[in-house]
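Spelled out, the chains give:
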Amino acid sequence: AWAKSGIPEEFIGVEADFGAVDRIDSNRSIYITGKNGRGKTYKACQYAKGYHIRHTTREYGVMACRKSVRFVTSQQISSLLKSSWTRWDVAEEDVFMRLIGVDLLVLDDLGKEVPSEWSAGNIFRIIDERWSAHKPVIITSQFSSVTIADRMCDASPETLDALKSRLRGWCDGEVLDGPDRRVKK
């Protein structure tokens with residue numbers, strides 16, 4: 001189930017971090033921000049793996065995960081929605097329901113999608129419906145929860161204000177500093 005969650009291959013073997021599981025279980029979301037290479041995706045995957053392990057049980061010798069995890073980048077959301085337009089077997093609504101219905105959604109690189117009213121509306125719908133359904137999300141972004149809405153400049157001011165309000169009221173913020181982990185010295 002962990003490997004099928006959409007977690008990138010690079011992060012399949014991360015060590016689980018259980019530090020956020022209680023917050024996630026009490027419907028708190030996490031917004032991780034920082035510059036490139038600071039470990040945002042790595043930390044999000046550690047939290048998600050901790051959540052996954054905490055909700056996996058052994059019943060009659062078989063491992064069973066009671067909670068689902070889905071990893072998706074903001075760019076993938078647009079691609080998934082657009083690909084549904086030309087497929088007979090997947091409707092756009094099915095894509096939304098898979099992202100909204102999962103127990104824990106990891107939304108990576110928020111703000112990297114092409115800014116448009118359409119993409120901002122899709123991101124808002126996913127966040128709003130997850131917020132309304134008490135389904136947490138782990139978000140990573142180079143943009144703070146205050147400035148992310150400004151990145152989505154083509155959306156209506158009302159949508160942007162609503163997005164900021166949900167993110168700031170529902171998410172516990174974490175800022176990752178330090179050197180770029182990808183740059184070798």
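Please refer to the structure placed before this passage.
Remember, it's a predicted structure, so these values are computed and weren't measured experimentally.

In terms of regular secondary structure, the protein is built from 7 helices and 7 strands. Computed over C-alpha atoms, the radius of gyration of the protein comes to 16 Å, within 12% of the 16 Å expected from 2.2 N^0.38 for 185 residues, which places it in the range of a compact globule. Across the 185 residues that make up the protein, the buried fraction comes to 47%. Sequence-distant contacts, at least 24 apart, represent 80% of the contacts inside the protein between residues at least 6 apart. Accessible surface, the protein as shown: approximately 9600 Å² in total, 52% of it carbon and sulfur. The positive charge centre, built from 28 side chains, and the negative charge centre, built from 26, are 5 Å apart in the protein.

With their axes 11 Å apart at the nearest point, helix H3 (residues 74-84) and helix H5 (residues 117-132) run at an angle of 100° to one another. Between H3 and H5, the angle is such that the two are roughly perpendicular. Residue-level contacts link Ser74, Ile77, Ser78, Leu81 and Lys82 of H3 to Trp118, Ser119, Asn122, Ile123 and Ile126 of H5. Looking at side-chain class alone, the contact of H3 with H5 contains 5 nonpolar, 4 polar and 1 charged residues.

As a further point, take helix H2 (residues 40-54). The terminal C-alpha atoms of H2 lie 21 Å apart, and with 15 residues this matches the ideal 21 Å at 1.5 Å per residue to within 8%. Among the 15 residues in H2, 12 count as buried, and that is most of the element. Among the residues making up H2, those that are buried are Lys40, Thr41, Lys43, Ala44, Cys45, Gln46, Tyr47, Ala48, Lys49, Gly50, Tyr51 and His52.

Once their charged atoms are close, side chains differing in charge can pair, the charge on each being opposite to the other. A full pass over the atoms with the stated rule returns 10 salt bridges. Linking arginine 28 and aspartate 172 is a salt bridge whose minimum nitrogen-to-oxygen distance equals 2.7 Å. In this pair, arginine 28 sits in the loop between helix H1 (21-25) and strand E1 (29-34) while aspartate 172 sits in strand E7 (residues 171-176), placing the two residues 144 residues apart along the sequence. Of the residues examined, aspartate 172 reaches a relative accessible area of 19% and is grouped as buried. Across the salt bridge formed by arginine 125 and glutamate 93, the nearest N and O atoms sit 2.6 Å from each other. Of this pair, arginine 125 sits in helix H5 while glutamate 93 sits in helix H4 (residues 92-101), placing them 32 residues apart in sequence. For glutamate 93, a relative accessible area of 38% corresponds to the partly exposed category.

Packing of H3 against H4 brings their axes to within 8 Å, and their N-to-C directions diverge by 150°. Facing Ile77, Leu80, Leu81 and Ser84 of H3, the residues of H4 in contact are Glu92, Val95, Phe96 and Leu99. Its residues assigned to classes, the contact of H3 with H4 comprises 6 nonpolar, 1 polar and 1 charged.

The next point concerns the sheet that holds strand E4 (residues 69-73). Judged by pairing direction, the sheet is parallel, and its 5 strands sit side by side in the order E4-E5-E6-E1-E7 without closing on themselves. One side of each edge strand has no neighbouring strand; the edge strands of this open sheet are E4 and E7. Direction aside, neighbouring strands of the sheet carry axes that sit 15° apart on average. When E1 meets strand E6 (residues 137-141), the two strands line up parallel, connected through 4 bridges. When the bridges of E6 are listed, isoleucine 32 appears paired with threonine 140. Sitting on the sheet, H3 touches E4 and strand E5 (104-108), and the angle it makes with E4 is about 90°.

Conventions and cut-offs
- Residues numbered from 1 in each chain as written.
- Predicted model: local features only at pLDDT ≥ 70, side-chain atom pairs only at ≥ 80, totals over all residues.
- Heavy atoms only, no water.
- Helix = DSSP H or I, 4+ residues; strand = E, 2+ residues; numbered from the N terminus.
- Rg over C-alpha atoms; globule rule 2.2 N^0.38 Å.
- Buried < 20%, exposed > 50% of the residue type's maximum accessible area, 1.4 Å probe, protein only.
- Contact = heavy atoms within 4.5 Å.
- Areas by Shrake-Rupley, 256 points an atom, 1.4 Å probe, with all protein chains shown as cover.
- Lys, Arg positive; Asp, Glu negative; His and termini not counted.
- Charge placed at Lys NZ, Arg CZ, Asp CG, Glu CD.
- Axes fitted to C-alpha atoms, helices over the stretch in contact; angles between N-to-C directions.
- Parallel < 35°, antiparallel > 145°, perpendicular 65-115°, else oblique.
- Nonpolar A, V, L, I, M, F, W, Y, C, P; charged D, E, K, R; others polar.
- Expected span 1.5 Å × (residues − 1).
- Salt bridge = Lys/Arg side-chain N within 4 Å of Asp/Glu carboxyl O.
- Pairing = 2+ DSSP bridges.

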